[in-house]
Amino acid sequence: MDLTVGVGDGRLMAGSPPNNDSTRRADHRQTADLTNGTIRRTPRRWGWLLTALVPAIFIGYFFVYPVARILTLGLSELSFGSSGLEARLIRVGWFTVWQATASTVLTLLFAAPMTWAVSRFEFRGRRLATALVTVPFVLPTVVVGTAFVALGWRDSIWAILAAHVFFNTAIIVRTVGTLWARLDPDILGAARVLGAGPWETFRRVTLPLLKPAIAAATSIVFLFTFTSFGVVLIIGGFEYATLEVEIYRQAVSFFDLPLAAALALVQLVGVTAALYGYSRYQDRHTSSWALSSDSSRVKPRGGARAGVVLAVGGTLSLLAIPIGVLVARSLGTDSYRALFQDDAVVGVPIESAANSFRFAAVAMVIAVVIGVMSAAVIAGRSGRLSRWFDLTLMLPLGTSAVTIGFGFIVALGWPVDLRASFVLVPIAHALIAVPFVVRITVPTLKAIPPDLHEAAAVLGTSRGRVWWRIDFPIVAKAALVGSAFAFVISLGEFGATSFVARPATITMPVMIFRLLSRPGQQSLGMAMALAVALAAITAAVVMWIDRLQVGEVGSF
Amino acid sequence: MLELRNVAVELGGKPILNGVSLSLGRGEIVAILGPSGSGKSTLLRAIAGLVPLEGGEILWDGVDIATVDVHQRGFGLMFQGYALFPHLDVAGNVGFGLAKEDREASVPASLSRVGLGGFEERRIEELSGGEKQRVALARTLAPDPKLVMLDEPLGALDRSLRDRLVSETRQLLEEREVTAIVVTHDRDEAAAMSDRLAIMREGSIVQIGILEEILAAPADDWVRDFVT
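This is a predicted model, so every value here is computed, not measured. Note on numbering: residues in each chain are counted from 1, in written sequence order. All chains are assigned letters beginning with A, and all ligands numbers beginning with 1, in the order in which they are written. It should be noted that, the model being predicted, local features are given only for residues of pLDDT at least 70 and side-chain atom pairs only at 80 or more, the latter also being counted only at that level, while totals for whole chains, interfaces and linings use all residues. Side-chain metrics in this entry use all non-hydrogen atoms of the structure; hydrogen atoms and water are not considered.

**Quick look at the overall build of chain B**
Step number 1: Looking only at helices and strands, chain B has 8 helices and 10 strands in total.
Step number 2: Remark: exposure states derive from per-residue accessible area (1.4 Å probe, protein chains only) relative to the maximum for the residue type, with buried under 20%, exposed over 50%, and partly exposed in between. Of all 228 residues assigned to chain B, the portion counted as buried reaches 49%.
Step number 3: Long-range pairs, those at least 24 residues apart, make up 68% of the contacts in chain B between residues at least 6 apart in sequence.
Step number 4: Shrake-Rupley sampling with a 1.4 Å probe provides the accessible areas, and residues are treated as covered by the protein chains on show and by no other component. Surface summary for chain B: the accessible area is close to 9800 Å², and the carbon and sulfur share equals 45%. Helix and strand assignments follow DSSP, with helices taken as H or I runs no shorter than four residues and strands as E runs no shorter than two, numbered in order from the N terminus. Contacts between residues were defined by any pair of non-hydrogen atoms, one from each residue, lying within 4.5 Å.

Quick look at the structure:
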């Protein structure tokens, strides 16, 4: 199964591959239900609704309600107006949009040669190269920020843009590359035979056929850079702020919650627009008969050979620089030892790792329980209700992490005051991870052929037994991958955590940020050492997921 | 005209064509007949320049065309699955190989020649199998190629449609006095569409001639079993 998943601003993104096989199967399943008559439908419907209730309450209370509170707060602020609101909105909003646009364009340009090389050609190390290009993408944003600080590149717009390109290249390479590799070679050959040279073939045939993948990948990169938080907060200094960063500053540093809410409102509008663009293109897939079942990669010959070496070597070397410098500089001083020593201000830095692991474990359990229940609901029926449910569950994915954390602070004083509780941290992480668990599990559930159930039913097996023997083993693997994803999402999450973490329950990313905010080489060294540790743990878990072969990291 | 001398091709390290020699006169139609996997499609691709030669040479009017790029050979190739461009409509497909200024006049003419007048704005997905075949044929013939190669032109169609299209296609080729190679695995189709047959087996041409000759004096037992 080529399910497609990747990591964003401390979050991961998942999507189904560009064919609607699974939906077709789901339709098939419903027809199968109908032929079985209405007797079986009624009890199933109640079970379905009950299963839907738990995730619905979870999403309702921890996501819909807080966002609604932000909306009301923000709307009243916008209608009353406050001093400097308009000027600030225009300044920050404009910066957010143009840096996101510039980052997206630069990422497309930077990723193009590598995408061409790995999708058109078969060469030794191609798989490794694709895996390596994904490494920056799965790194927590705080680690990426620290890496650019380690380069000595701070308070510069170019550093922000470079960090965004570094971070998002994998999205283009893997999303566009997956489609490009499968384009029917005969269609490209037909253009050549009809008299089009290589460049003309690319322009008149390849590019139009790749358009859906390019559009989808572009809107995701835009979304990620539009909501960029950790990177901009760390390397942007005081001069540069995206909406996301400004929401954080207004809420956390100046306690101006209404102004922060107004900014969050604007942010939500931007995000919704980007997601709308994405979903529109998701529906318009390249005709399946323009694709060949297996890849059409060829051995590079002559000039193409030099091009491949240059594209792959150049891209990977450039991407390696920030990581290499981060690791090298972290080794230079006594930074790693200092992580274990009690610091007057931040405590023992390495203790944040223990917190992170605890939170990640709790977040993982919540995300898997809610996620698998939701997946069962979505896969169980294919009506309009089910589609709405699916869409609602995906919303936290599109909403920025900062908005989620901010919403908790604004809303969760009722009915019990949860705002001071440490449980908000794993709940926020779980909220962000649920869409991934769902996206990984739903296609697996839908892929179970309905005849398998029917065959078992005909043999007289009870429904519970059928579920246990057929569905469970299949779901278990998806759930395992889902939990691993939830775990790394939680480990690297920074946006929401920065709002809800208490001094006693600080996580690794928050600790890194604190160390970076302090002046002095010693603090910087400790931040770099902790960032390397976090990166290593994340990379280990992601590599383990990749080996399970259920999800493919990085494409959409 | 076209002359192949000991053409050899390898794909993924495996030999696909081992020394194919064949020559075609102007306006001649040769059918290449062989079981699947015998290298027929690869031979067409090699002539078109889509796969590199491992050995031998391909000559056009006595000149080796090894260094001529695919898009400059001026040959036409109709692919087995038609390979129509899904992002273009029928007119976009047929006019693809034409200069911009020629499209407006030539496309409707090409389409009516294959019996698809008025199909210009149809989307490829809406076409039936037979219509796709005609669009692909019109697209291949539109730029007036020096050599036309058809790879299983009727392969995916049902029997009755095939019988009708066999004669239509042959007529189209003859009208234009075009030199053509037709690849097929069907003996009757091969005989009906061509002047001469070349029997291909495991990457080599084992016998060339008209069907009656081959039937009367097959080169070996395999050829006899294959054609009868």
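**Topic: the side chain of Thr 227 of chain A**
Step number 1: Structurally, the position occupied by Thr 227 of chain A is in the loop between α8 (198-226) and α9 (230-235).
Step number 2: What makes Thr 227 of chain A buried here is its relative accessible area of 1%.

**Digging into helix α21 (residues 508-517) of chain A**
Step number 1: In terms of residue burial, α21 of chain A counts as a mostly covered element, since 8 of its 10 residues are buried.
Step number 2: Turning to α21 of chain A, its buried residues number three or more, namely Met 508, Pro 509, Val 510, Met 511, Ile 512, Phe 513, Leu 515 and Leu 516 of chain A.

**Considerations on the packing of aromatic side chains**
Residues and elements named next belong to chain A.
Step number 1: We call Phe, Tyr and Trp rings a pair once their centres come within 6.5 Å, taking the six-membered ring for Trp, and we label the pair stacked below 30 degrees between planes, edge-to-face above 60, and tilted otherwise. Summed over the entire model, instances satisfying the criterion amount to 23 aromatic pairs over all chains.
Step number 2: On the basis of an interplanar angle of 80° and a centroid distance of 5.1 Å, the ring pair of Trp 116 and Phe 121 is categorised as edge-to-face.
Step number 3: According to the relative accessible area criterion, Trp 116 is partly exposed, its value standing at 28%.
Step number 4: Taking the centre distance of 5.7 Å and the plane angle of 25° together, the rings of Phe 222 and Phe 226 count as stacked. Taken together, the residues span about one helical turn, with Phe 222 and Phe 226 both in helix α8 at a distance of 4 residues.
Step number 5: We classify Phe 222 as partly exposed; its relative accessible area is 21%.

**With respect to the sheet that holds strand β5 (residues 63-64) of chain B**
Residues and elements named next belong to chain B.
Step number 1: Overall, antiparallel pairing links the 4 strands, which are arranged β2-β1-β4-β5 in an open sheet. One side of each edge strand has no neighbouring strand; the edge strands of this open sheet are β2 (14-24) and β5.
Step number 2: Bridge analysis of strand β4 (residues 55-60) against β5 gives 2 bridges, and the strand direction is antiparallel. In the strand pairing of β5, Trp 60 is matched with Val 63.
Step number 3: Whenever a helix is involved, its axis is fitted only over the stretch in contact; in every case the axis is a line through C-alpha atoms, and angles between N-to-C directions fall within 0 to 180 degrees. This element, helix α1 (residues 40-48), spans β1 (2-11), β2 and β4 of the sheet and lies at about 115° to β1. Being paired, for any two strands, means DSSP has found at least two bridges between them.

**A look at the interface of chain A and chain B**
Step number 1: Taken together, the contacts link 20 residues of chain A with 24 residues of chain B.
Step number 2: Throughout, the accessible surface (probe 1.4 Å) given up by two parts as they are put together, summed over both, is called the buried area. Summed over both sides, the interface between chain A and chain B buries roughly 1900 Å², with carbon and sulfur atoms accounting for 67% of that surface.
Step number 3: One speaks of a salt bridge when a side-chain nitrogen belonging to Lys or Arg is within 4 Å of a carboxyl oxygen belonging to Asp or Glu. For the pair chain A and chain B, the number of links is 1 salt bridge.
Step number 4: Definition of a polar contact: a pair of N or O atoms within 3.5 Å, with one able to donate and the other able to accept a hydrogen when the atoms are protein atoms, and with sequence-neighbouring residues admitted only if both atoms are side-chain atoms. In this assembly, chain A and chain B are joined by 4 residue pairs in polar contact (both at pLDDT 80 or more).
Step number 5: Contributions of two or more residues to the side of chain A that touches chain B are made by α7 (185-193) and α8 of chain A.
Step number 6: In terms of residue class, the side of chain A that touches chain B is made up of 12 nonpolar, 4 polar and 4 charged. Classification convention: Asp, Glu, Lys, Arg as charged; Ala, Val, Leu, Ile, Met, Phe, Trp, Tyr, Cys, Pro as nonpolar; all other residues, Gly among them, as polar.

**Some remarks on the packing of helix α4 (residues 129-141) of chain B against helix α5 (residues 159-175) of chain B**
All names here are of chain B.
Step number 1: The N-to-C vectors of α4 and α5 enclose an angle of 10°; their axes lie 12 Å apart at closest approach. On the basis of their axis angle, the class for α4 and α5 is roughly parallel. Every pair of crossing elements has a handedness; the one defined by α4 and α5 is right-handed. In this structure, α4 contributes Gly 130, Gln 133, Arg 134, Leu 137 and Leu 141 to the contact, and α5 contributes Leu 161, Arg 164, Leu 165, Glu 168, Thr 169, Leu 172 and Leu 173. If an angle is under 35 degrees, it is roughly parallel; if it is over 145, roughly antiparallel; if it lies from 65 to 115, roughly perpendicular; otherwise it is oblique. Left-handed describes a crossing whose near helix is turned anticlockwise from the far helix by less than a right angle; the clockwise case is right-handed.

**Some words on α5 of chain B**
Residues and elements named next belong to chain B.
Step number 1: One fewer than the residue count of a helix, multiplied by 1.5 Å, yields its expected span. Taking 1.5 Å of rise per residue, 17 residues should cover 24 Å, and α5 covers 25 Å from first to last C-alpha, within 8% of that figure.
Step number 2: By the burial criterion, the buried members of α5 are Leu 161, Arg 162, Leu 165, Val 166, Thr 169, Arg 170, Leu 172 and Leu 173.
Step number 3: Residues of α5 that are buried sit in contact with β3 (29-33), α3 (100-113), α4, β7 (147-151), β8 (179-184) and α6 (187-193).
Step number 4: Phi turns positive one or two residues past the end of α5, at Glu 177, with a value near 50°.

**Some points on the pattern of salt bridges**
Step number 1: Using the criterion set out here, one finds 16 salt bridges over all chains in the structure.
Step number 2: With a closest N to O distance of 3.0 Å, Glu 122 of chain A and Arg 126 of chain A form a salt bridge.
Step number 3: Judged by relative accessible area, Glu 122 of chain A falls into the partly exposed class, the value being 31%.
Step number 4: The partner of Glu 200 of chain A in a salt bridge is Arg 204 of chain A, and the shortest N-O contact between them spans 2.7 Å. Remark: Arg 204 of chain A and Glu 200 of chain A occur in helix α8; sequence separation between them is 4 residues, near one turn of the helix.
Step number 5: Overlapping salt bridges bring together Glu 3, Arg 5 and Glu 57 of chain B as one network.

**A closer look at the sheet that holds strand β10 (residues 204-209) of chain B**
Residues and elements named next belong to chain B.
Step number 1: Spatial ordering of the open sheet is given by β6-β7-β8-β3-β9-β10, a layout of 6 strands whose pairing is mixed. The open sheet has two edge strands with one neighbour each: β6 (75-78) and β10. Shown here is a sheet whose adjacent strand axes are inclined to one another by a mean of 20°, direction ignored.
Step number 2: Note that β3 and β8 share 5 bridges and pair parallel. In the strand pairing of β8, Leu 33 is matched with Thr 184.
Step number 3: Where α1 meets the sheet, its contacts fall on β3, β6, β7, β8 and β9 (196-201), and the angle it forms with β7 comes to roughly 150°.

**A look at the packing of helix α16 (residues 401-411) of chain A against helix α17 (residues 424-446) of chain A**
Residue and element names in this part refer to chain A.
Step number 1: Between α16 and α17, the least distance of the axes is 11 Å, while the angle of their chain directions is 140°. The angle between the axes of α16 and α17 places the two elements in the oblique class. At the point where α16 passes α17, the crossing takes the right-handed sense. Side by side, α16 and α17 meet where Ala 401, Ile 404 and Phe 408 of the first sit next to Leu 424, Ile 427, Ala 428, Leu 431 and Ile 432 of the second.
Step number 2: Along the lines of polarity and charge, the residues of the contact of α16 with α17 split into 8 nonpolar, no polar and no charged.

**Digging into the environment of Thr 218 of chain A**
All names here are of chain A.
Step number 1: Along the chain, the position of Thr 218 falls in helix α8.
Step number 2: Put simply, Thr 218 and Thr 104 are 114 residues apart on the chain and 6.6 Å apart in space, counted from C-alpha to C-alpha.
Step number 3: Once you skip the residues sitting within four places of it in the chain, Thr 218 turns out to touch Thr 104 and Leu 108.
Step number 4: Here Ile 214 takes part through its backbone oxygen, which lies 2.5 Å from a polar atom of the side chain of Thr 218.

Function cannot be read off these values alone, since they describe shape.
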